[in-house]
Amino acid sequence: MKRYPVLVIGLVIVGILVLWYIGTQNSLVTAEENVNAAWSQVQNVYQRRADLVPNLVETVKGYARQEERVLTEVTEMRAKVGSMTVSKEILDDPEAFKRFEEAQTKLGGALSRLLAVAENYPDLKSNQNFLALQSQLEGTENRIAVERRRFIQAAQEYNTKIRRVPTSIVASVGGFKPKAYFTATEGAERAPEVKF
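Residues numbered from 1 in each chain as written. Predicted model: local features only at pLDDT ≥ 70, side-chain atom pairs only at ≥ 80, totals over all residues. Heavy atoms only, no water.

A. Up close: the packing of aromatic side chains. Taken as a whole, this structure holds 3 aromatic pairs when the rule is applied. Through successive ring pairs, a cluster of aromatic residues spans W39, Y46, F100 and F151. (Phe/Tyr/Trp six-rings, centres within 6.5 Å; stacked < 30°, edge-to-face > 60°.)

Here it is as structure tokens:
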């Protein structure tokens, strides 16, 4: 009869541990899904940018035939970004994430040069199609910055969670891996130079 209370206490402790494990596992799944959702939104705004680029290029092309080099560069960068296979697994591969980020940065730089070229064409600057596309592109670039910030926050919360004890035990057993962060490109602290 003396074993009965010890058995009950043991079962209660095991029950508490099981409930804690399940709660922690569910919490990690929720945090990981928040990172995945934030990443999907980053991809969404990148896709919006990629969809706007051909229209912007065609509009500028009509006015700026001699700027073919810049137009070609923008088209090539967009094609490179568009050809990249991007899945949520990229978040678990820091090198693939870095390559994706570099391609997006190069496309952003090419778009900046394209918009700078447009400054040399007064008719283009007053063209309603160009102005509308430029406005949409500027809005998209702002959305990219906002969604990247949200992704970074979600990744930070998730990465912090999987590293903290005792949750780290559940994370290692469950195979939860740290997610990559966006980082500033080298030289981003300097203003870009636009040369013609």
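B. Quick peek at the side chain of E147. Tracing the sequence through the fold places E147 in helix α5 (residues 128–163). For E147, the residues in contact, after removing those within four places along its chain, are Q41, V42 and V45. (Helix = DSSP H or I, 4+ residues; strand = E, 2+ residues; numbered from the N terminus. Contact = heavy atoms within 4.5 Å.)

C. Inspection of the nonpolar core at higher detail. Counting residues in hydrophobic clusters, the biggest one holds 24 residues, and the most contacted among them are W39, I90, L91, F97, F151 and F182. Broken down by secondary-structure element, the contributors of at least two residues to this core are α1 (3–63), α3 (94–118), α5 and α6 (167–174). Here this core takes 8 residues from α1, the largest share from any one element. If sequence neighbours within four positions are ignored, L91 has contacts with V35, N36, W39, F97, F151, P178, K179 and A180. Listed in part, the 15 residues of the second largest apolar core include V57, V81, A103 and L111. (Core = buried A, V, L, I, M, F, W, Y, C linked by side-chain atoms within 4.5 Å. Buried < 20%, exposed > 50% of the residue type's maximum accessible area, 1.4 Å probe, protein only.)

D. Structural context of α6. Listed in full, the buried residues belonging to α6 are T167, S168, V170 and A171. The buried side chains of α6 occupy one side of the element, clustering within an arc of 160° when seen end-on. What points out from α6, more than 90 degrees from its buried face, is the exposed set S172 and V173. Backbone geometry just downstream of α6 places G175 in the positive-phi region, at approximately 75°. (Arc of directions from axis to C-beta.)

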